[in-house]
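So you can see what is in the structure, the chains are spelled out below.
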Amino acid sequence: MSAGVELDNVTMEFGSFRAVDNVSVNIQPGEFFSFLGPSGCGKTTILRMISGFIQPTKGLVKIGGKDMQGARPNQRPTALIFQNLALFPLMPVWENIAFGLEVRGVDKAKRRARAEELLRLVDLPDAADKRVSQLSGGQKQRVAIARALAVEPSVMLLDEPLSALDLKLRQHMRAELRAIQKRTQVTFIYITHDQGEALAMSDRVGVMSHGKLQQVAVPQDIYNNPANGFVASFVGENNILSGDITGEEGGLVSFATPSGTFSARLGPGVSKGAKARLFLRPEHARLSTEAGKENSVPVEVTDVAFEGNFISVHSVDAKGQTYISEARNDGSAVIPGRGDKRHIVFEGQHAVLLTGDISAKDVDE
Amino acid sequence: MSDLLNRYGGLLTAIFILLTAFWLLMLVILPNIYLFENSFRPYLPVNEMGGPKDVYSLNNYLTFFKSPIHMNVFVWTIIYSSLVTLICFIIAYPLAYYMSKIAPDRIIPTLFLLLFVPLWVSEVLRSFAWFIILALKGPLNSTLLGLGIIEAPVRWIMGFRGVVIGLVYTYVLFMLFPIYNAIQSLDTNQIEAAEDLGSPWWRTHLRVILPHSKPGIASGAVMVFMLSAGSILVPTLLASTTSRWFTEIIQQWMFESQDWNTGSAYAFLLLILCTVFVSVVMRVFRVKLSDIAK
Ligand SMILES: Nc1ncnc2c1ncn2[C@@H]1O[C@H](COP(=O)(O)OP(=O)(O)O)[C@@H](O)[C@H]1O
Ligand SMILES: [Mg+2]
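Computed from a prediction, not measured in an experiment: that's the story for all the values here. (Residues numbered from 1 in each chain as written. Chains lettered and ligands numbered in written order. Predicted model: local features only at pLDDT ≥ 70, side-chain atom pairs only at ≥ 80, totals over all residues. Heavy atoms only, no water.)

Caption draft 1: Local environment of the site of ligand 1. Residues and elements named next belong to chain A. Contacts to ligand 1 come from Phe14, Phe17, Ala19, Pro38, Ser39, Gly40, Cys41, Gly42, Lys43, Thr44 and Thr45. Within the backbone of Gly42, one N or O atom sits 3.1 Å away from an oxygen atom of ligand 1. Thr45 is positioned with one of its side-chain polar atoms (N or O) 2.5 Å from an oxygen atom of ligand 1. Compared with its free state, where it exposes 560 Å², ligand 1 has 57% of that area covered by protein. Every element with two or more residues in the shell around ligand 1 is listed here: β2 (17-27) and α1 (43-51). Residue contributions to the shell around ligand 1 peak at three residues, all from α1. (Near = heavy atom within 4 Å. Polar contact = N/O pair within 3.5 Å; in protein donor to acceptor, adjacent residues only side chain to side chain. Areas by Shrake-Rupley, 256 points an atom, 1.4 Å probe, with all protein chains shown as cover. Helix = DSSP H or I, 4+ residues; strand = E, 2+ residues; numbered from the N terminus.)

What follows is the structure, given as structure tokens:
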């Protein structure tokens, strides 16, 4: 029922512009896989190559082990949910859902029954005879999912399907999509520029930048062990310091920055002499009243945000380097004020040296 | 209106409005009212006009229904106008689809230019051109003969053939542009969605593209049909001995018999009957007037 998807050195060029650059990834049957990346990085192009609307300039797309070269979208076991849903406005809801069955010559009574069954699955039991224009955004979303499920695809392709919804509904639909995927066991390939969405829903995430696949890993590895500076900076917040690798001491190295020399661990593929930056997550940057033995910088608090379950503090050191630190609010935390003198203290284990560009994160909300 | 005032000032604006009103009133409304009024009056020698015999009646209109020949011509005019409309649709729909969804953007201006160039030549000249092209020893026959597609010259201008070809050529763009606009406004993702759900190309057209373009097709069809049925130039110039168009009968009444009264009645009959015919067809195809106006 579900099939794996294999991209084998896939490249897509539009004229001289390379939208997808030598991407290889093996997506397992039944997996929930996300492509995550800023807008314009080639995500939709990848999806369109898998669904068959465009043919890769180089490389192979295999679905269920079969080479898909030359196969049109109507010959592939995939169903694409378009970014704008592309429901048929002139058909009632049930005909939209049953369109794929109509194409396959299923008789009307059966089509209708199946459409109603799918409407129950997506929790819209009374919508069969409604017009598409009568539905809300979230309801249209569900109809699009039902329409794609109706053809019993082996692979579902979803192009930022939640981006048009408001925050509340989006969070609800995340869980819903995940549940539908688990129930149907169909391979989901999901595209998003929203890191929260990708991390929360996926079995594995592929992070993309400028047409290149930067890292493929399970969500916690993407966050905890980013492959390079781009992945680290695109996913989650960071303190980023520039400097030079100076020495080695038992698994950790020394990293000399204008703000001081710190011990840190080397990221993947990073060695002495490389042009690297130090990345430190805000939750690992402790704000302390006393200086630490090592990895400690005196700072002045510039801004404090009380977020409820955690407290976020911005600060700056004598060299003008800014820091962001987050502490969980356990009820007893003392909230610092602006201008307070503190120390940023962290462990070398948590500071990782990475190479590569830093993403200019595109802001969504 | 205030825009016009701001831009051109009071005097010019007044002149514009007066000119438009004059054009509408004197050149469109009044002549039609005059003809309409006359269509109910008998055709009389000048000295009896205004006399006791000059009373309103439906006699001029009844003349048509008493003449099987005229009714016959009318029916054939409707049939061949419908055929012209159908052929225009068959030509225009694929072309409109190609232009709006397949042709690369950069060749669109060239395509439009190629389509428009013939319109710069007057209708009379174009019809004459076709007369020459279609002639027994004309270029079309010699080309087809030369290519070995036909063995003997074809008599193109026979029956309604010449008229149909001429009318299709003259009015096909009136079909093309509304359909082009309609398909243009269809979200390409819908076509792709249909294909992605397994639909073969013909079903995508049947279920997605055609229904969406229905208003465009309807307005194109109404225009081509009405223009064809009301055309006088093409049916006259490309006529054969057996092709009589209803407008030619109107012309006979007016210019050969000098009977403008009956001629007017026939002209209004053509308008009324064509409108009825179009309404019936629209009902059959479930098109609403409001769809067309969109
Ligand atoms: N048909 C096309 N012709 C030319 N350039 C294209 C085409 N489709 C996409 N691109 C370009 O490829 C890049 C990646 O596009 P896309 O895959 O849509 O990005 P994403 O979905 O990640 O936002 C963009 O710069 C876009 O302009
Ligand atoms: Mg996209």
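Caption draft 2: Looking closely at a nonpolar patch on the surface. Residues and elements named next belong to chain B. A grouping of Phe22, Trp23, Leu24, Leu25, Met26, Leu27, Ile29, Leu30 and Ile33 is seen on the molecular surface, where their side chains present a nonpolar patch of about 860 Å² in accessible area. Positionally, Leu30 belongs in helix α1 (residues 2-38). Its relative accessible area of 38% is what places Leu30 among the partly exposed residues. (Patch = residues over 30% accessible without salt bridge, like charges linked within 9 Å, V, L, I, M, F, W, Y side chains within 5 Å. Salt bridge = Lys/Arg side-chain N within 4 Å of Asp/Glu carboxyl O. Buried < 20%, exposed > 50% of the residue type's maximum accessible area, 1.4 Å probe, protein only.)

Caption draft 3: Highlighting the nonpolar core. Among the nonpolar cores identified, the biggest contains 115 residues, and Leu7, Phe35, Ile46, Ile97, Ile145, Met156 and Ile189 of chain A are the most heavily contacted of them. One finds Tyr61, Trp253, Ala265 and Val287 of chain B within the second-largest nonpolar core, a separate group that totals 22 residues. (Core = buried A, V, L, I, M, F, W, Y, C linked by side-chain atoms within 4.5 Å.)

Caption draft 4: Quick peek at the domain arrangement of chain B. Residue and element names in this part refer to chain B. Split by domain assignment, chain B resolves into domain 1 (1-38) and domain 2 (60-293). Using C-alpha coordinates to define each centre, domain 1 is positioned 32 Å away from domain 2. Contact with domain 1, which involves four residues of that partner, is made by seven residues of domain 2. The contact between domain 1 and domain 2 buries some 440 Å² in all, and 62% of this surface belongs to carbon and sulfur atoms. Its largest share of buried area at the contact with domain 2, domain 1 owes to Leu35, Phe36 and Asn38, together 91% of the area lost on that side. (Domains from an automatic or database assignment. Contact = heavy atoms within 4.5 Å. Buried area = accessible area lost by both parts, 1.4 Å probe.)

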